[in-house]
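Coordinate analysis (summary)
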Amino acid sequence: MDRLLQLEVFSKTAELGSLSKAAEILRMSNAAASRHLSALEERLAVRLIERNTRRQWLTEAGQELLQRCSTLLNELAEAEDAVSDRALSPKGMLRVTSSLSFAMIYLAPMLPAFRALYPDLSVQIISANRYLDFIEAGIDVAIRTREHEPDSNIIVRRIGQMHRVLAAAPSYLEKHGRPEHPADLARHNMLIYNLANDPYSLRLSQGSTTQTIRIAPTLDSNDGQIICGAARAGLGILIQPLYIVQGDIAAGRLVPVLSDWQLPLLTMNIAYQNRVRLPAKIRVFSDFLVSYIREHSEPGIWIDAAK
């Protein structure tokens, strides 16, 4: 069996804490992964991973091997990326995660042009509104709306800041009236994205005046597309990033309210694991995405978008 592949199976199993997860990332069956791990232990004549029905853990020999082979595998991957980078032809699979809304509005439309430039690079998009663990989920690139990562091994590249808006369908406003002041929102049906920071409290500013309003949801959801669909149907007033609702506003399906009051800006970032050398596939994707957003966004959606 391939010695390098045996080390890859061992390293991934140790990192993920699961042989089956390692097999999935390496695109092999559980049985094949188990054979590779057993062959490595047999060749070294030492037990590397102890396991029972509930958990697994590294032996002392396994810990030492992991430290040494992780360095080796990283250097090998970076060497391969360096060659690929020089050839301007990154290959393999790029796994990207973002919210469903961002994936629909930016990622999916940009892929034809991206793939035309890099035909040997496949892309897998995992839509998730919660932040996935890079190692556990095998993520290469994450599009996130937080400025700082709790893990110092994660690098953040800023895309830019964007406006958020309050908006409702014409049918809702005709029936319930338009709010004229932030305090009026307390009597309106509010559609809330419940994964936002402090989702039931709105801070609105007008010049030097700031008001914080507590709101109760008529609907709350962990997905912006559900919120938008309910708003278009006339259920209530939503709070969403402008890029998500710009098309509905332009088409007259949604109407902004309290436009003279400003919500806090939302920061969008590209995040990826820290490496001695950034893999070519991550670099070209990040550069292309930033360029695509700058060229294909309507004026006024982004503030200080990355160059």
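Read on for a plain summary of the structure. Everything quoted here is computed from the prediction, not taken from an experiment.

Rules used in this analysis
- Residues numbered from 1 in each chain as written.
- Predicted model: local features only at pLDDT ≥ 70, side-chain atom pairs only at ≥ 80, totals over all residues.
- Heavy atoms only, no water.
- Pairing = 2+ DSSP bridges.
- Helix = DSSP H or I, 4+ residues; strand = E, 2+ residues; numbered from the N terminus.
- Axes fitted to C-alpha atoms, helices over the stretch in contact; angles between N-to-C directions.
- Buried < 20%, exposed > 50% of the residue type's maximum accessible area, 1.4 Å probe, protein only.
- Expected span 1.5 Å × (residues − 1).

The strand order across the open sheet formed by 5 strands is β11-β8-β12-β7-β13, and the pairing between neighbours is mixed. Here the strands that pair on one side only, and so sit at the sheet edges, are β11 (217-221) and β13 (255-257). Each adjacent strand pair in this sheet contributes to an overall mean axis angle of 35°, direction not counted. As defined by bridge partners, strand β8 (residues 190-193) adjoins strand β12 (residues 237-241) across 2 bridges and the pair is classed as parallel. Note on β12: the bridge partner recorded for M190 is I237.

Unlike most non-glycine residues, R27 shows phi in positive territory, near 60°. Its place among the elements puts R27 in the loop between α2 (19-25) and α3 (30-44). Residue R27 is classed as exposed on the basis of its relative accessible area, which comes to 63%. Positive phi, close to 55°, is recorded for A45, a residue that is not glycine. Residue A45 is classed as exposed on the basis of its relative accessible area, which comes to 71%.

All right, on to helix α1 (residues 3-16) then. For the α-helix, the turn length of 3.6 residues means that residues three or four positions removed from each other point alike. Its 14 residues give α1 an end-to-end C-alpha distance of 20 Å, which sits within 8% of 20 Å, the value for a rise of 1.5 Å per residue. Residues Q6, L7, V9, F10, S11, T13 and L16 constitute the buried set of α1. With its phi angle positive at about 70°, G17 sits one or two positions after the end of α1.

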